[in-house]
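Here is how the chains run, residue by residue.
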Amino acid sequence: MLQGAATGFRGFQVCGQNVTQGKADQHEGLDLMREIPMAGKGSRVDDDPAHFMHKANLWPTEEEAPGLRTAFTAYADAMTDLGFRIMAKVDDGLRETCTQEEAHGIMNLPEMYDDPFWIMRAIRYPPASSPTGVEEQGVGEHRDYGLLTMILQDDTPGCLQIRRENGAWEHVDPVPDCLVVNIGDVLDFWTGGYFKATPHRVLAPRDRDRVSLPFFFEPNLHAPILPDGTTYEDHVLSKLSSNFADPTDQAQK
Ligand SMILES: O=C(O)CCC(=O)C(=O)O
Ligand SMILES: [Fe+2]
């Protein structure tokens, strides 16, 4: 079953199903999220078993991908731990450098991510099919939704790029044994832009597959993220709902 609203945005998505700025992205992948048990602290729709947050991840079977579930589960645990450690440094830095007003009064930051949601994607970007010189969209320009994104990428250069404030695109090529860490919308909102969400994109690789594993360390689902009371759950649902084309509807591609 393909990923979509019916699966709680979990599971496999085919090439072109993810859409950024109205254009199909040239990648396929497996989307996983923290599973939120019914009546957990996580969701304001605790009584609605159909709510997308309560869906289970759609793992490949052990025969299809031996060891994958165990390895990915351990990886998600390790990245959650890393997210806490980086956010503790962010919190220390804010306390040292900002007044309460400057940091939008978010001096109780740790309470906003003490039960953090997470999303993880295992992505394959096929090589660009067009003639050399034409840039093909692996993922179009966007900012991530939450607090921090830790990206593990293979050794394919020339794909991941960030956009500087002057508008120039800069490659973020792989460095052995290093993760790329991006700042997401929520940390930008909470700190009034002191920490800026990084606009980024992925260009399709030239002559080989590229594989990446972004892990999104997110706030508590209930955490208010804007002064109007919008919660992270509202934000992520509106983002996820607008991300996907119906793979059977060619008109949208
Ligand atoms: O593949 C990558 O390096 C980044 C993917 C990405 O930006 C995303 O999934 O939000
Ligand atoms: Fe991203």
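Right above here is the structure, for reference.
Residues numbered from 1 in each chain as written. Chains lettered and ligands numbered in written order. Predicted model: local features only at pLDDT ≥ 70, side-chain atom pairs only at ≥ 80, totals over all residues. Heavy atoms only, no water.

Draft legend 1. Molecular detail of the site of ligand 1. Neighbouring ligand 1 are 13 residues, the closest being Tyr 125, His 142, His 200, Arg 210 and Ser 212. Between ligand 1 and the protein, one listed contact pairs an oxygen atom with a side-chain N or O atom of Arg 210 at 2.8 Å. In the complex, the protein chains occlude 96% of the 290 Å² of accessible area that ligand 1 would expose alone. Broken down by element, the residue count for the shell around ligand 1 peaks at four residues, all from strand S12 (residues 210-217). (Near = heavy atom within 4 Å. Polar contact = N/O pair within 3.5 Å; in protein donor to acceptor, adjacent residues only side chain to side chain. Areas by Shrake-Rupley, 256 points an atom, 1.4 Å probe, with all protein chains shown as cover. Helix = DSSP H or I, 4+ residues; strand = E, 2+ residues; numbered from the N terminus.)

Draft legend 2. A look at the side chain of Thr 231. Looking at where Thr 231 falls in the secondary structure, it is placed in the loop between S12 and helix H3 (232-241). In this structure Thr 231 touches Leu 221, His 222, Ala 223, Pro 224 and Ile 225, once residues within four positions along its chain are discounted. (Contact = heavy atoms within 4.5 Å.)

Draft legend 3. Quick peek at the sheet that holds strand S7 (residues 148-153). Strand order in the open sheet formed by six strands is S1-S4-S5-S12-S7-S10, with antiparallel pairing between adjacent strands. In the strand order of this sheet, the two ends are held by strand S1 (11-13) and strand S10 (180-183), each with one partner. The mean inter-strand angle of the sheet, taken between neighbouring strand axes irrespective of direction, is 20°. Direction of pairing for S7 relative to S10: antiparallel, over a ladder of four bridges. Opposite Thr 149, over in S10, you have Asn 182 as the bridge partner. Seen against the sheet, helix H1 (residues 68-97) touches strand S4 (28-33), strand S5 (118-125), S7, S10 and S12 and runs at an angle of roughly 50° to S12. (Pairing = 2+ DSSP bridges. Axes fitted to C-alpha atoms, helices over the stretch in contact; angles between N-to-C directions.)

Draft legend 4. Summary view of H1. A rise of 1.5 Å per residue sets the reference length of H1, with its 30 residues, at 44 Å; its end C-alpha atoms lie 42 Å apart and thus fit the reference within 8%. Taken as a whole, H1 has its buried residues at Phe 72, Tyr 75, Ala 76, Met 79, Thr 80, Gly 83, Met 87, Val 90, Asp 91 and Leu 94. Elements in contact with the buried residues of H1: S4, S5, S7, helix H2 (185-190) and S12. (Expected span 1.5 Å × (residues − 1). Buried < 20%, exposed > 50% of the residue type's maximum accessible area, 1.4 Å probe, protein only.)

Draft legend 5. Spotlight on the packing of aromatic side chains. Counted according to the given criterion, the structure contains six aromatic pairs. For the ring pair Phe 84 and Tyr 113, a centre distance of 6.2 Å and an interplane angle of 40° mean the geometry is tilted. Note that Phe 84 is positioned in helix H1 and Tyr 113 in the loop between H1 and S5, a separation of 29 residues in sequence. Looking at Phe 84, the relative accessible area reads 31%, which means it is partly exposed. Put simply, the rings of Phe 84, Tyr 113 and Phe 217 pair up and form one aromatic cluster. The ring of Trp 169 is capped by Arg 163, whose NZ or CZ atom sits 5.9 Å from the centre of that ring. (Phe/Tyr/Trp six-rings, centres within 6.5 Å; stacked < 30°, edge-to-face > 60°. Lys NZ or Arg CZ within 6 Å of the ring centre and 35° of its normal.)

Draft legend 6. Structural context of the pattern of salt bridges. Evaluation of the coordinates by the stated rule reveals 11 salt bridges. Among the salt bridges present, the one from Arg 143 reaches Asp 188, with a minimum N-O distance of 4.0 Å. You can see Arg 143 sitting in the loop between strand S6 (137-142) and S7 and its partner Asp 188 sitting in helix H2, a full 45 residues away along the chain. Note that Arg 164 and Glu 170 form a salt bridge whose closest N and O atoms lie 2.8 Å from each other. Accessibility expressed as a relative area gives 40% for Arg 164, which makes it partly exposed. Assessed through its relative accessible area of 34%, Glu 170 is described here as partly exposed. (Salt bridge = Lys/Arg side-chain N within 4 Å of Asp/Glu carboxyl O.)

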